[in-house]
Amino acid sequence: MATWLVHWRFWLYRASLFFERPSFKIGALIGFVAAIVAMLLTGTRGAFIAVPALIAIFVFIYRKELGARLLFLVIAATLSTPVASYMAVPQVQQRFDTLFNELNRYESGDAGKAYSSSGLRLELWTAAMAAFKQNPLYGLNYNQREALNAELVEEGVVIPQVLTVSRGHAHSEYFEVLAGRGSLGVIALMMLFLVPGVIFLRRASSTEGKEKALAATGVVFIAGFMIYGLSEAPLQGNVLSGSYALTVVAIYAMLRRPVQAGLRAAPIPYRGESLFGENGLLSPAELNPSS
């Protein structure tokens, strides 16, 4: 929950740059800081990894605006924040120490290696890969995956605790799609992320002001889902998948019509002529034929 709270608050803070009223920006910034505090207190390891990555993406997009000196300071702060959090916040240190211990036990062949949060997740990923090998093109349905998991448990490939997970859920967007929809599903998932992500990144690189801020928001929003999908499956739920789709479509629609969305000032009519022609809003060349 804290992971999604940080993601939405960060997105809201970026989106607040569109508003002229300072109260919107201040409110969104306070919400973002509160979300960071919530993340540290709850010990959500996925967010610990995602937040520095999302900040790094934001810095990359605004690298020209930041300037060399400020860019260096922001990069240094981004890189040092995870280390400082580990050293200064007990919850962060405890969560990562637990993670490292669980992974070390898993690699060492400890008898109870998989009976932990991280170990169970690795076992689920192992089962998901086995399902993918059964049908690399389309994957297996839920009933087939549960039957396969039972066979894997009987053969000693994975631990019995895997059977307690409903439908053999892989606890990862990528492994879940790989097991349940095969190679075609993975291609579709990457297109779902990369097609709008590349469109927004290109727009962020070629525009400025509010238009760039909205495009950058779209990039960070999609990148968040891609990162969280490593250890969660957000798009498997109706609420989050619907939120993802509606948000991406809304951002795209606003970028397609920046003047109507208030992202860009309307061009000044040429010699008193109308801004609109037969096909909608006139282009700058149509407004000023002599240029």
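Everything discussed here concerns the structure shown above.
All values derive from a computational prediction rather than experimental measurement. Each chain has its residues counted from 1, following the order in which its sequence is written. Where local features are concerned, this predicted model is filtered to residues with pLDDT of at least 70; where side-chain atom pairs are given and counted, the filter is 80 or more; whole-chain, interface and lining totals use all residues. Values reported for side chains reflect all heavy atoms of the structure, with hydrogen atoms and water molecules removed beforehand.

Draft legend 1. Fine view of the overall build of the protein chain. Within the protein chain one finds 11 helices and 2 strands. Ordered by position from N to C terminus, the α and β elements of the protein chain give α-α-α-α-α-α-α-α-α-α-β-β-α. Think of it in three bands: with a 1.4 Å probe and only protein chains considered, a residue is buried below 20% of the maximum accessible area for its type, exposed above 50%, and partly exposed in between. Taking all 291 residues of the protein chain together, the buried fraction comes to 38%. Every residue pair with non-hydrogen atoms within 4.5 Å of one another is taken to be in contact. Partitioning the intrachain contacts of the protein chain with sequence separation of at least 6 by distance along the chain shows that 62% fall at a separation of at least 24. For the protein chain, the accessible area works out to roughly 16,300 Å², and carbon and sulfur atoms hold 64% of it. Segments assigned H or I by DSSP are reported as helices when at least four residues long, segments assigned E as strands when at least two residues long, and all are numbered from the N terminus. Surface accessibility in these figures is a Shrake-Rupley result with a 1.4 Å probe; residues are shielded only by whichever protein chains are displayed.

Draft legend 2. Structural detail: the pattern of salt bridges. We count a salt bridge whenever a side-chain nitrogen from Lys or Arg sits within 4 Å of a carboxyl oxygen from Asp or Glu. Under the counting rule described, the total for this entry stands at 3 salt bridges. The partner of Lys-212 in a salt bridge is Glu-65, and the shortest N-O contact between them spans 2.6 Å. Placement of the pair is Lys-212 in helix H9 (residues 209-228) and Glu-65 in helix H4 (residues 63-88), with a sequence separation of 147 residues. Exposure remark for Glu-65: the relative accessible area of 45% places this residue in the partly exposed category. The partner of Arg-145 in a salt bridge is Glu-176, with the nearest N and O atoms 2.9 Å apart. Of this pair, Arg-145 sits in helix H7 (residues 142-155) while Glu-176 sits in helix H8 (residues 173-206), placing them 31 residues apart in sequence.

Draft legend 3. Looking closely at the environment of Leu-152. Residue placement: Leu-152 occurs in helix H7. Separated by 22 residues in sequence, Leu-152 and Ala-130 have C-alpha atoms that sit 8.7 Å apart. Not counting residues within four places of it along the chain, the set of residues in contact with Leu-152 comprises Ala-127, Ala-130, Val-157 and Val-158.

Draft legend 4. Spatial organisation of a nonpolar patch on the surface. A contiguous nonpolar surface patch, about 760 Å² in accessible area, is contributed by Leu-137, Tyr-138, Leu-184, Ile-187, Met-191, Val-195, Ile-199 and Tyr-252. Top element by residues in the nonpolar patch is H8. It accounts for 5 residues. Note on placement: Tyr-252 falls in helix H10 (residues 238-256). Given a relative accessible area of 38%, Tyr-252 falls into the partly exposed group. Patch membership is restricted to residues that have no salt bridge and whose relative accessible area is over 30%. Joining uses 9 Å for like charges and 5 Å for the nonpolar side chains Val, Leu, Ile, Met, Phe, Trp and Tyr.

Draft legend 5. Spotlight on the packing of H9 against H10. Here the axes come from fitting lines to C-alpha atoms, over the contacting stretch only for helices, and the angles between their N-to-C directions go from 0 to 180 degrees. Interaxial distance between H9 and H10 falls to 10 Å at its minimum, and their mutual angle equals 160°. It follows that H9 is roughly antiparallel to H10 by the angle criterion. At the point where H9 passes H10, the crossing takes the left-handed sense. Here Glu-211, Leu-214, Ala-215, Gly-218, Phe-221, Ile-222 and Phe-225 of H9 come into contact with H10, specifically with Leu-240, Ser-243, Tyr-244, Thr-247, Val-248, Ile-251, Met-254 and Leu-255. Any residue outside Ala, Val, Leu, Ile, Met, Phe, Trp, Tyr, Cys, Pro, Asp, Glu, Lys and Arg is labelled polar, Gly included; the first ten of those are nonpolar and the last four are charged. A breakdown of the residues in the contact of H9 with H10 according to their chemical character gives 11 nonpolar, 3 polar and 1 charged. Roughly parallel covers angles under 35 degrees, roughly antiparallel covers those over 145, roughly perpendicular covers 65 to 115, and oblique covers all other angles. When the near helix sits turned anticlockwise from the far one by under a right angle, the crossing is termed left-handed; a clockwise turn instead gives a right-handed crossing.

Draft legend 6. Examining the packing of aromatic side chains more closely. Only Phe, Tyr and Trp rings are paired, with Trp represented by its six-membered ring, and only when their centres lie within 6.5 Å; those with planes under 30 degrees apart are stacked, over 60 edge-to-face, the remainder tilted. Tallying each qualifying case throughout the model produces 6 aromatic pairs. Ring centres of Phe-58 and Tyr-62 lie 5.1 Å apart, and the angle between their planes is 45°; this geometry places the pair in the tilted category. Assessed through its relative accessible area of 13%, Tyr-62 is described here as buried. Arranged with centres 4.9 Å apart and planes meeting at 10°, the rings of Trp-125 and Phe-175 form a pair that is stacked. A residue pair is termed long-range when its members are at least 10 positions apart, and Trp-125 in helix H6 (residues 117-134) and Phe-175 in helix H8 qualify at 50 residues. Taken together, the ring pairs in this structure connect Phe-193, Phe-221, Phe-225 and Tyr-244 into an aromatic cluster. Counted as over-ring charges are cases with an Arg CZ or a Lys NZ within 6 Å of the ring centre that also lie within 35 degrees of the ring normal. For the cation-ring pair, Arg-63 lies above Phe-60, with the distance from its terminal atom to the ring centre recorded as 4.2 Å. A cation sits over an aromatic face here: Lys-212 above Tyr-62, 4.9 Å from the ring centre.

Draft legend 7. Layout of H10. Here the expected length of a helix is defined as 1.5 Å per residue gap, with one fewer gap than residues. Here H10 spans 27 Å end to end across 19 residues, near enough to the 27 Å set by a 1.5 Å rise per residue. Buried within H10 we find Tyr-244, Thr-247, Val-248, Ile-251 and Leu-255. Take H10 and look down its axis: the buried residues cluster within an arc of 95°, on one side only. Facing away from the buried side of H10 by more than 90 degrees, the exposed set consists of Asn-238, Val-239, Leu-246, Val-249 and Arg-256. What the arc describes is the spread of directions from the helix axis to the C-beta atoms.

Draft legend 8. Spotlight on the nonpolar core. Side-chain atoms within 4.5 Å are what join buried Ala, Val, Leu, Ile, Met, Phe, Trp, Tyr and Cys residues into a set we call a nonpolar core. Within the largest apolar cluster, 21 residues are counted, with the highest numbers of intra-cluster contacts made by Phe-193, Phe-200, Ile-222, Tyr-244 and Leu-255. Taken together, the elements giving at least two residues each to this core come down to H8, H9 and H10. Take this core: its biggest share by element is 8 residues, from H9. Sequence-distant contacts of Ile-222, defined by excluding residues within four places in its chain, comprise Phe-193, Pro-196, Gly-197, Phe-200, Tyr-244 and Val-248. Ala-131, Leu-140, Val-153 and Val-158 belong to the second-largest nonpolar core, a separate cluster that totals 16 residues.

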